[in-house]
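Letter by letter, the chains look like this.
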Amino acid sequence: LPTIAISLMAVISAVSGLNMALPKIAVELHATQTQLTWIVDIYTVLFAGLLLLAGAIGDKYGRQRILLFGLFIFGTAATCGIFAGSPTQLIIARAVMGIGAAGIMPTTLSVITTSFPEKERAKAVSVWVGITVGGAVLGLFVTAYLLQYFSWSSFFAMNSILSILAFILTTRFIVNSSDPDTRLDWTGGIFSVIGVTGLVYGIIEGSDKGYFKPDTLTGFILGTIGILAFITWEMRIKNPMLDPRLFKHRGFATGSLSITIQFFAQFGFVFIAMQYLQYIVGLTPWQSAIRLLPMPFIAIPVSRAAEKLSSRFSQKSLGSFGLVLFSIAMYLFANLKTDFNYTYFVIGLVFFGSGIAFSAQPATVAITDSLPLEKQGVASAVNDTSRELGSAFGIAIIGAALNSGYKSNIHPFLQNVPSTIAKNIEAGIAFTQVHAPTGFEAQWQQLATAAKSAFMKGVHSSLLIATFSTLIGAILVGTFAPSKQKEFASNQS
């Protein structure tokens, strides 16, 4: 379990910790708001698109082998990221890290579900859930500590070291297990990558260039075709990578939906929160991490409590309750002010950590209980795909809403500003961290104040999207989830 925890921490921190380094990357590499979104999101796009295929490969050829392969690719790309000198190089390094992560994360859960006896499995899964929730903030905390003394590239050094340590421990403590009869669905895997990548590309580029520009529309069209082709293909073949008919079972469907919504809101919030705490409040990365530190101390023990409650309460009640708490947290964060009130912020973190713990535990168990042991690679990959799709679309949609809100509200203040300066200001709020151009000092402070106001309006509108998404999720889970936790599992048997 500690070996799995370290592997999982490498993957989780690679998403969350980078958000802490974004302001420094924006200043040192002159990255625009759109480039920052891609630096974060290209990782989750490829990660999500390859998860199902990677889970099936692990089932067929060995879960330890795919874990070692994923750790090697992930660690090598992270090492390359240390030396990146431009946003483009960083995007490429992150893309390869996402490919490696796809081999790691589904394997961590499938190793747990195939290694632990049934009576111990729920407890082990609760630890896994706790790490995925609390590990995100711990990743932020460690990254912030490194940024106090080193450059942003230390974030990639941390990921490299974690992957090396996990690789060594995996060779020692993880026993290889497989299901040789599994048939790989390469065509379905390609369709899933095209579908996810196309849709996320359209969302991100649309907020920057416009939603009716040719390249944006091309992304949406390719994404839609990819998703429809994936569903059609999976319905037709004898041994699908993911049989769409599984979603007829309410436990499986609502579990996947719940996790997608949780991570949509969670990673959208983290993407915004790191910029809010540093750009608006004026905190250092370390000070920002300290402000978020209460969350793992809330999420991890509450996750253990949720594991005990899940034996008495189904996903229908416990899961929907968690999403309601989550929705309250998003509403509180949507109404943050320029003047930072930490007590108000901590109240939001309490609802945030508790909401994730109460909703993630029953949803994860509902999915893993839905398939037999020899198919746990696919079951855990579905669980992870839901997480990463939620993460990718959360960063893309909430990030796009933030970007659109910022641009529309800062634009009126740029009428009499030289075009070269106006372009940098409109690209993102990172300009507030650099010195004013010569002869422009007096107006610079006014523009910085206007930019902070525009950014906060973007925060409000973007996090309201997360608020309503989690609330709708709570209604759907409370309405359609089965009353008995293992309804699907019994139907399968």
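Residues numbered from 1 in each chain as written. Predicted model: local features only at pLDDT ≥ 70, side-chain atom pairs only at ≥ 80, totals over all residues. Heavy atoms only, no water.

Student: Could you give me a rundown of the overall build of the protein chain, with the residues and numbers involved?
Tutor: Looking only at helices and strands, the protein chain features 17 helices and zero strands. By the compact-globule yardstick of 23 Å for 493 residues, the protein chain fits well, its C-alpha radius of gyration being 22 Å. Along the longest, intermediate and shortest principal axes, the C-alpha atoms of the protein chain span 75 × 45 × 40 Å. Taking all contacts inside the protein chain whose residues are at least 6 apart in sequence as the whole, residues at least 24 apart take part in 82%. Looking at charge distribution, the protein chain has the averaged site of its 31 positive side-chain charges lying 5 Å from that of its 22 negative ones. (Helix = DSSP H or I, 4+ residues; strand = E, 2+ residues; numbered from the N terminus. Rg over C-alpha atoms; globule rule 2.2 N^0.38 Å. Contact = heavy atoms within 4.5 Å. Lys, Arg positive; Asp, Glu negative; His and termini not counted. Charge placed at Lys NZ, Arg CZ, Asp CG, Glu CD.)

Student: A description of empty space enclosed by the protein should follow, citing residues and the corresponding values.
Tutor: According to the stated counting rule, one finds four cavities of 30 Å³ or more in the structure shown. Size it by volume and the largest cavity reaches roughly 50 Å³. Forming the walls of the largest cavity are V11, I12, V15, F47, M105, F263, F267, E388 and S391. Ranked by residue count, the leading element in the lining of the largest cavity is helix α1 (residues 2-28), at three residues. In the lining of the largest cavity, the residues fall into seven nonpolar, one polar and one charged. (1 Å grid on protein atoms, 1.4 Å probe; cavity = no way out; pocket = protein on both sides within 12 Å on 5 of 7 lines; lining within 4 Å. Points joined across faces, edges and corners; volume = space filled by probe spheres on them. Nonpolar A, V, L, I, M, F, W, Y, C, P; charged D, E, K, R; others polar.)

Student: Report on unusual backbone geometry, specifying residues and quantitative values.
Tutor: Phi at H30 is positive, roughly 55 degrees, even though this residue is not glycine. Take H30: it is sitting in the loop between α1 and α2 (33-61). Using a relative accessible area of 66% as the deciding quantity, one classes H30 as exposed. (Buried < 20%, exposed > 50% of the residue type's maximum accessible area, 1.4 Å probe, protein only.)

Student: Lay out the side chain of T254 with the relevant residues and their values.
Tutor: By secondary structure assignment, the location of T254 is in helix α9 (residues 250-280). A relative accessible area of 6% places T254 in the buried class. Sequence-distant contacts of T254, that is, excluding residues within four places in its chain, are made with Q315, V477, F480, A481 and P482.

Student: Can you tell me about the side chain of T467, naming the residues and giving the values?
Tutor: Along the chain, T467 falls in helix α16 (residues 441-480). Here T467 is in contact with S327, M330 and Y331, once residues within four sequence places are set aside.

Student: Explain the packing of aromatic side chains to me, and be specific about the residues and the numbers.
Tutor: Per the counting criterion, the structure on display carries 17 aromatic pairs. On the numbers, 5.8 Å between centres and 40 degrees between planes, the contact of W38 with Y201 is tilted. Of this pair, W38 sits in helix α2 while Y201 sits in helix α7 (residues 186-209); the two residues are 163 residues apart in sequence, bridging distant segments of the chain. The exposure class assigned to W38 is buried, which follows from its relative accessible area of 10%. Feature note: the residues F269, Y276, F326, F333, F340, Y342, F345 and F352 constitute an aromatic cluster, connected by ring pairs. (Phe/Tyr/Trp six-rings, centres within 6.5 Å; stacked < 30°, edge-to-face > 60°.)

Student: Which residues make up α2, and what are the values?
Tutor: Along its 29 residues, α2 runs 41 Å from first to last C-alpha, staying within 8% of the 42 Å computed at 1.5 Å per residue. α2 sits mainly inside the fold: 25 of its 29 residues count as buried. Looking one or two places after α2, you find G62, whose phi comes out positive at around 125 degrees. (Expected span 1.5 Å × (residues − 1).)

Student: Residue-level account of the packing of helix α12 (residues 315-334) against α16, with values.
Tutor: It is at 8 Å that the axes of α12 and α16 come closest, and there the two elements cross at 170 degrees. Between α12 and α16, the angle falls in the class roughly antiparallel. The hand of the α12/α16 crossing is left-handed. (Axes fitted to C-alpha atoms, helices over the stretch in contact; angles between N-to-C directions. Parallel < 35°, antiparallel > 145°, perpendicular 65-115°, else oblique. Left-handed = near helix turned anticlockwise from the far one by under 90°.)

Student: Account for the environment of I356, with residues named and values stated.
Tutor: Mapped onto the elements, I356 comes out in helix α13 (residues 342-368). Considered as a pair, I356 and Q266 are 90 residues apart in the sequence and their alpha carbons are 8.4 Å apart.

Student: Give me the lowdown on the packing of helix α10 (residues 285-292) against α13, citing residues and values where you can.
Tutor: Between α10 and α13, whose axes approach to 10 Å, the crossing angle comes to 55 degrees. Taken together, the axes of α10 and α13 are oblique relative to one another. Of α13, the residues touching α10 (which contributes I290, R291 and L292) are Y342, F345 and L349. When grouped by side-chain class, the residues that make up the contact of α10 with α13 number five nonpolar, no polar and one charged.

Student: Can you lay out a nonpolar patch on the surface for me, pointing to particular residues and giving the numbers?
Tutor: On the surface, a cluster of nonpolar side chains totalling about 540 Å² of accessible area is made up of Y211, F212, L217, I221 and I225. Its place among the elements puts Y211 in the loop between α7 and α8 (214-236). By relative accessible area, which is 36% here, Y211 ends up partly exposed. (Patch = residues over 30% accessible without salt bridge, like charges linked within 9 Å, V, L, I, M, F, W, Y side chains within 5 Å. Areas by Shrake-Rupley, 256 points an atom, 1.4 Å probe, with all protein chains shown as cover. Salt bridge = Lys/Arg side-chain N within 4 Å of Asp/Glu carboxyl O.)

Student: So what's going on with the environment of F155? Which residues, and what values?
Tutor: Mapping F155 onto the fold places it in helix α6 (residues 154-173). Between the C-alpha atom of F155 and that of L140, which follows or precedes it by 15 residues, the distance is 9.7 Å. Those residues in contact with F155 that lie beyond four places of it in its chain are S13, A14, G17, L18, R94 and T143.

Student: I'd like a rundown of the environment of T232, residues and numbers included.
Tutor: The residue T232 is located in helix α8 in this model. Residues T232 and P244, spaced twelve residues apart in sequence, show a C-alpha to C-alpha distance of 9.0 Å.

Student: Please set out the confidence of the model for the protein chain residue by residue, giving values where relevant.
Tutor: In the predicted model, the protein chain carries a mean pLDDT of 83, and 94% of its residues have values of at least 70. Across residues 487-493, confidence stays below pLDDT 50; counting only partners more than four residues off in sequence or on other chains, it has eleven contacts. (pLDDT = per-residue confidence, 0-100.)

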